[in-house]
Amino acid sequence: MRTIEVSLGSRSYPVHIAPGLLDQSGPLVREHLGEAAVAVVTDDRVGPIYLERVLASLRGSGLRAVSVTLPHGEKTKCLEQAAELYRFFAEHHITRRDAVLALGGGVMGDLGGFAAATWLRGVRFVQLPTSLLAQVDSSVGGKVAVDLPEGKNLVGAFHQPSLVLCDPRALDTLPEEFWRDGLGEVAKYGAIRDENLFRLLEEAAPLGRQGLMVRMDEILGRCIACKADIVSRDELDTGERAILNFGHSLGHAVETCQRYSGLHHGEAVAAGMAAITRLSEKQGLTEPGTAARIEALLTALGLPARLPEIPADQLRAALRRDKKAEGDGLRVVLLERIGRCFTRLVQPETFFADLG
Ligand code: GLY
């Protein structure tokens, strides 16, 4: 078992990575949390596949475990479903000694974590992420939230988990579009912070999903080590965490212009990483050849390396409205070369002039 510690003083926690951890959740939760009752929150896609195994492991370790299954999908990440969870916790007498366990992808982690952060002013929280995106990104870091009709993640908290259990075997049942979604974020870690990971991906990507799965323990370990290190130094997202947004400004602009019904998040981020690196390379800010390497890797991973057909002025308008905008400028993440990045305040009109 690989273990990566997220070092946050008294809020430090381990992320364990190993095939088969789903069936070890009982002993591991008991070891870390003691005699807690566990409220398992899952959705109607993941629950039918994994819930019984997790409940059996928790109960087999002598823990009281109860579960609730919600509809899958981003629409579930809302205040109404949080209220459903509060009613469920009340009915099952979840006290401050107890814990919430989120079993599923980012929606379950964000919603379950938000409910854990607010129930009784905060109870402990375990993440058992089953999607690649949740394993490498959303299960670590403590940002939990729900969406409002006015926008995504508008109501939330920082509430670090007490324990994260990453089982790469859970990815075996991940639908292809969610697999690709996660790969976009995996490539991002290599690009901004870990050239060895980028090389590993360059080697494994041509072998397809099976080839990547053979190296998945190491891939997860490297991504999570990057995230843990960045979160440890910027828990509340006031500085260094910004580098995790590489590719996201353009990616979000694409998602907004497509009204969230076009590219998946990871695909939009992938196209955004390639496009911004082409621009920064042309402007002499990035080592020559970097954009070509990014494009080649994304293509081998089955991800888009080109922005979809959206008029450039629409994309620039969406970029100006980006929440990372500072006055007239926008703070973007650029690569110096593969494995090294920096942030820069740019004028959207000039930096992105050559988008179309
Ligand atoms: N929960 C994701 C993060 O904190 O970055």
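With respect to the state of the cysteines
Thought 1: Tallied over the entire structure, the rule returns zero disulfides.
Thought 2: As a non-bridged cysteine, C226 has C223 as the owner of its nearest cysteine sulfur, 6.7 Å distant.
Thought 3: A relative accessible area of 8% places C226 in the buried class.
Thought 4: Summary of cysteine pairing: C341 is not part of a disulfide, and the nearest cysteine sulfur, belonging to C226, is at 9.8 Å.

Points about helix α10 (residues 248-257)
The periodicity of an α-helix, 3.6 residues per turn, causes residues three or four positions apart to be oriented the same way.
Thought 1: For α10, the tally of buried residues reaches seven of 10 residues, placing the bulk of the element in the interior.
Thought 2: Listed as buried for α10 are H248, S249, L250, G251, A253, V254 and E255.
Thought 3: Structurally, α10 contributes buried residues whose contacts are with α6 (176-193), α11 (265-282), α13 (312-320) and β11 (329-337).
Thought 4: R259 sits one or two positions beyond α10 and adopts a positive phi of about 50°.

Topic: the sheet that holds strand β1 (residues 2-6)
Thought 1: Read from one edge of the open sheet, seven strands run β1-β2-β9-β6-β5-β3-β4, paired in mixed fashion. Strands at the two margins of the open sheet, each flanked by one partner only, are β1 and β4 (65-70). Each neighbouring strand pair of the sheet contributes to a mean axis angle of 15°, computed without reference to strand direction.
Thought 2: Examined bridge by bridge, strand β5 (residues 99-104) and strand β6 (residues 124-129) share six bridges and lie parallel to one another. Looking across to β6, one finds that A99 is bridged to R124.

Quick word on the pattern of salt bridges
Thought 1: Going through the model one piece at a time under the given rule, you end up with 32 salt bridges.
Thought 2: R222 is the partner of D194 in a salt bridge, and the nearest nitrogen-oxygen pair spans 2.9 Å. Here D194 is found in the loop between α6 and α7 (195-204), whereas its partner R222 is found in helix α9 (residues 216-233), with 28 residues between them in sequence.
Thought 3: For D194, a relative accessible area of 10% corresponds to the buried category.
Thought 4: Residue R222 is classed as partly exposed on the basis of its relative accessible area of 26%.
Thought 5: Shared partners join several salt bridges into a network, and the residues in it are D194, E203, R215, E218 and R222.

Topic: the packing of helix α1 (residues 25-33) against helix α2 (residues 47-60)
Thought 1: Two numbers describe how α1 lies on α2: the axes approach to 7 Å, and their chain directions differ by 50°. By the criterion of interaxial angle, the relationship of α1 to α2 is oblique. The element α1 and its partner α2 pack so that their crossing is right-handed. Mapping the contact onto sequence places S25, G26, P27 and V29 in α1 and V54, S57 and L58 in α2.
Thought 2: Taken together, the residues of the contact of α1 with α2 sort by class into four nonpolar, three polar and no charged.

Quick notes on the site of the ligand
Thought 1: The environment of the ligand is made up of S138, V140, G141, G142, K143, K227 and R241.
Thought 2: Within the backbone of G141, one N or O atom sits 3.3 Å away from an oxygen atom of the ligand.
Thought 3: Measuring from an oxygen atom of the ligand, one finds a side-chain N or O atom of K227 at 2.6 Å.
Thought 4: Contact with the protein chains hides 88% of the accessible area of the ligand, taken as 200 Å² for the molecule alone.

What about the packing of aromatic side chains?
Thought 1: This structure, assessed with the given rule, holds four aromatic pairs.
Thought 2: Centroid distance Y86 to W119: 6.2 Å. Interplanar angle 15°. Geometry classified as stacked. Remark: W119 occurs in the loop between α4 (106-118) and β6 and Y86 occurs in helix α3 (residues 79-91); sequence separation between them is 33 residues.
Thought 3: Exposure remark for Y86: the relative accessible area of 24% places this residue in the partly exposed category.
Thought 4: Since its relative accessible area comes to 16%, W119 is described here as buried.
Thought 5: The interplanar angle of 80° and the centroid separation of 5.0 Å between the aromatic rings of F351 and F352 together place this pair among those described as edge-to-face. F352 shares its class with F351; the two are buried.
Thought 6: Here a set of aromatic residues connected by ring pairs shows up, and it is made of Y86, F88, F89 and W119.
Thought 7: The positively charged end of K188 is found above the aromatic ring belonging to Y189, 5.0 Å away from the centroid.

Conventions and cut-offs
Residues numbered from 1 in each chain as written. Predicted model: local features only at pLDDT ≥ 70, side-chain atom pairs only at ≥ 80, totals over all residues. Heavy atoms only, no water. Disulfide = S-S within 2.5 Å. Buried < 20%, exposed > 50% of the residue type's maximum accessible area, 1.4 Å probe, protein only. Helix = DSSP H or I, 4+ residues; strand = E, 2+ residues; numbered from the N terminus. Contact = heavy atoms within 4.5 Å. Pairing = 2+ DSSP bridges. Axes fitted to C-alpha atoms, helices over the stretch in contact; angles between N-to-C directions. Salt bridge = Lys/Arg side-chain N within 4 Å of Asp/Glu carboxyl O. Parallel < 35°, antiparallel > 145°, perpendicular 65-115°, else oblique. Left-handed = near helix turned anticlockwise from the far one by under 90°. Nonpolar A, V, L, I, M, F, W, Y, C, P; charged D, E, K, R; others polar. Near = heavy atom within 4 Å. Polar contact = N/O pair within 3.5 Å; in protein donor to acceptor, adjacent residues only side chain to side chain. Areas by Shrake-Rupley, 256 points an atom, 1.4 Å probe, with all protein chains shown as cover. Phe/Tyr/Trp six-rings, centres within 6.5 Å; stacked < 30°, edge-to-face > 60°. Lys NZ or Arg CZ within 6 Å of the ring centre and 35° of its normal.

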